[in-house]
Amino acid sequence: MTETMVAYLFEDSFKKQAKFLQFARQLKEPEPTTTLTFEILPNDCLSPTWQVQEYGSFPAVFTLPTFPKDIQTKLDAKQPCHKVSTDRHKIVRILHETMAQYTMYPTNSEYIKVAKALIFRYPFLKDMEGNGYNTWHMSLKRRFKAERTPSSCLSFVSICLVYLQDIISVSGEDESSIDAHTQAQPDSCIVTNAMTKTFQWRRKEVAEGVRADTIANKYPFLKTPAGLCEEMNRIHNIENLQQRFREEFLPILPKEKVEHHVTLEEPGTPYPTTQLTHTDWKSAFTSRGPSVVKTDGFELCRASDLEEGVLAAFCAYFVFNMAYPPNRKNTLTFVQRCILKISKEGDKPFST
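Note that the coordinates shown come from a computational prediction; the quantities given were computed from them, not determined experimentally. (Residues numbered from 1 in each chain as written. Predicted model: local features only at pLDDT ≥ 70, side-chain atom pairs only at ≥ 80, totals over all residues. Heavy atoms only, no water.)

## Some thoughts on the confidence of the model for the protein
- Mean pLDDT over the protein works out to 74, with 66% of the residues at or above the 70 mark.
- Mean pLDDT per element in the protein: helix H7 (residues 156-164) is the minimum at 35, and helix H5 (residues 108-121) is the maximum at 91.
- Counted against residues more than four places away or in other chains, residues 40-55, with its pLDDT under 50, gives 35 contacts. (pLDDT = per-residue confidence, 0-100. Helix = DSSP H or I, 4+ residues; strand = E, 2+ residues; numbered from the N terminus. Contact = heavy atoms within 4.5 Å.)

Given below as structure tokens:
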């Protein structure tokens, strides 16, 4: 049973979640005693001022960000914010936003580094049991998983079904057959057939939080605009995806900056972004030229022009289960629901 399922069963009770997971681990094998060791950090590392480093390089020493005024006041007064769900969620949200400046796929050691930094600075937030930071660790992991999964891509029920399937029974494939498919020769029919056979397995890997670059390198066809579009079609069964997008694509971004979607510089965000090879905006929009789609600090694919790059970046949100960031949500939702007609039951009407 995954942490997501445990969170669903014991909603708003981190203590019960931690106890259940600890009990489940004990059933598998005896758990050794864990000793929590704190390092004495330099004084400048305890400053609330946080500077964003170059994207993709997680800091060796994580410095806590400045929390919202209401939360910071409670923390300074040593109030038990971890026992108030709304306060705890705000702390986790700010920590997530800070970590996401570096990567959307933190490693286990990076989660632990952040959780330790929090309880080192505010010891009264420690868990009453265990190593002292386990519930914060789990909360951050759940937050990242939720942010990487757009609501229109995989529902909670479908994710649970994927998890509960025996690992060998997914579409009749296993590790050996998956490796064989990914080594297929670059003939279009063979590649398409292999990608179709491995689709369910691939969705399982994405749902489990496998890094985007790991999946793209394992399935190289996803590192092309055509491969991303085909994968998008497998997810939502969209006919004539590229044609529909090109016919209805409008370079209008509702109340959002174009630099959030298309840039001339190296993207400073983990979200899929189209980087143009032009030297200025005038030439970018008056002449056709190649573009590069980057996500989570690596080059995903190269496109022949702006439209192909923007479409490939849009598809990447669904292929790798990423939620729309707030500063892009209006445009991406418009493309999803008004151009590509992708919606789900219960969606609110989209404002004209």
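## Brief notes about the nonpolar core
- If you look at the biggest cluster of nonpolar residues, it comprises 73 residues, and the most contacted ones within it are Phe 67, Ile 91, Leu 95, Leu 118, Phe 320 and Leu 340.
- Broken down by element, this core gets its largest block of residues, 11 residues, from helix H15 (residues 306-319).
- Shared between two domains, this core takes at least three residues from each, and those domains are domain 1 (69-148) and domain 2 (190-339).
- Contact partners of Leu 340, with chain neighbours within four places excluded, come to Ile 238, Leu 241, Arg 244, Phe 245, Phe 314 and Val 335. (Core = buried A, V, L, I, M, F, W, Y, C linked by side-chain atoms within 4.5 Å. Buried < 20%, exposed > 50% of the residue type's maximum accessible area, 1.4 Å probe, protein only. Domains from an automatic or database assignment.)

## A closer look at the pairing of strand E3 (residues 291-295)
- The element E3 is extensively covered by neighbouring structure, given that five of its five residues are classed as buried.
- Here E3 shows no split at all, with Ser 291, Val 293 and Thr 295 on one side and Val 292 and Lys 294 on the other all buried.
- Here E3 pairs with strand E4 (residues 298-303) via five bridges, running antiparallel. Across the sheet, residue Thr 295 finds its bridge partner in E4, namely Phe 298.
- Here E3 hands over to E4 after two residues, with Asp 296 in that stretch at a positive phi of 50 degrees. (Pairing = 2+ DSSP bridges.)

## Some details on the pattern of salt bridges
- For the coordinates displayed, the defined rule picks out 12 salt bridges.
- Measuring nitrogen to oxygen at the nearest pair gives 2.9 Å for the salt bridge that ties Lys 74 to Asp 87. Taken together, the positions of Lys 74 in helix H3 (residues 69-76) and Asp 87 in helix H4 (residues 85-100) put the pair 13 residues apart, joining distant regions of the chain.
- A salt bridge links Glu 97 to Arg 93; its shortest N-O distance comes to 3.3 Å. Placement of the pair is Glu 97 and Arg 93 together in helix H4, with a separation of four residues, close to one helical turn.
- Overlapping salt bridges bring together Arg 202, Glu 230, Glu 231 and Arg 234 as one network. (Salt bridge = Lys/Arg side-chain N within 4 Å of Asp/Glu carboxyl O.)

## Considering the side chain of Thr 295
- Along the chain, the position of Thr 295 falls in strand E3.
- On the accessibility criterion, Thr 295 (1% relative accessible area) is buried.
- Within the structure, Thr 295 has its side chain in polar contact with the backbone oxygen of Pro 270 (distance 3.1 Å).
- Here Thr 295 is in contact with Pro 270, Tyr 271, Pro 272, Leu 300 and Met 322, once residues within four sequence places are set aside. (Polar contact = N/O pair within 3.5 Å; in protein donor to acceptor, adjacent residues only side chain to side chain.)

## Observations regarding the packing of aromatic side chains
- Scanning the entire structure with this criterion turns up seven aromatic pairs.
- With a centroid separation of 5.4 Å and 50 degrees between ring planes, the pair formed by Phe 314 and Phe 318 is classed as tilted. Placement of the pair is Phe 314 and Phe 318 together in helix H15, with a separation of four residues, close to one helical turn.
- According to the relative accessible area criterion, Phe 318 is buried, its value standing at 0%.
- Measuring from ring centre to ring centre gives 6.3 Å for Phe 318 and Tyr 324, while their planes differ by 70 degrees; the resulting arrangement is edge-to-face. Each member of the pair, Phe 318 together with Tyr 324, is buried.
- By way of ring pairs, the aromatic residues Phe 314, Tyr 317, Phe 318 and Tyr 324 are connected into one cluster.
- Its end group placed over the ring of Trp 136, Arg 88 keeps NZ or CZ at 3.9 Å from the ring centre.
- Sitting over the ring of Trp 201, Lys 204 keeps its end group 5.9 Å from the ring centre. (Phe/Tyr/Trp six-rings, centres within 6.5 Å; stacked < 30°, edge-to-face > 60°. Lys NZ or Arg CZ within 6 Å of the ring centre and 35° of its normal.)

## Comments concerning helix H10 (residues 199-207)
- Counting buried residues in H10 gives eight out of nine residues, a clear majority hidden from the surface.
- At the exit of H10 stands Gly 209, carrying a positive phi of roughly 90 degrees.

## Description of the sheet that holds strand E1 (residues 262-263)
- With mixed pairing, the four strands of this open sheet are ordered in space as E1-E2-E3-E4. The two strands at the open ends of the sheet, each matched to only one other strand, are E1 and E4.
- Across four bridges, strand E2 (residues 273-276) lies against E3 in antiparallel orientation. Looking at E3, one finds that Thr 273 is bridged to Lys 294.

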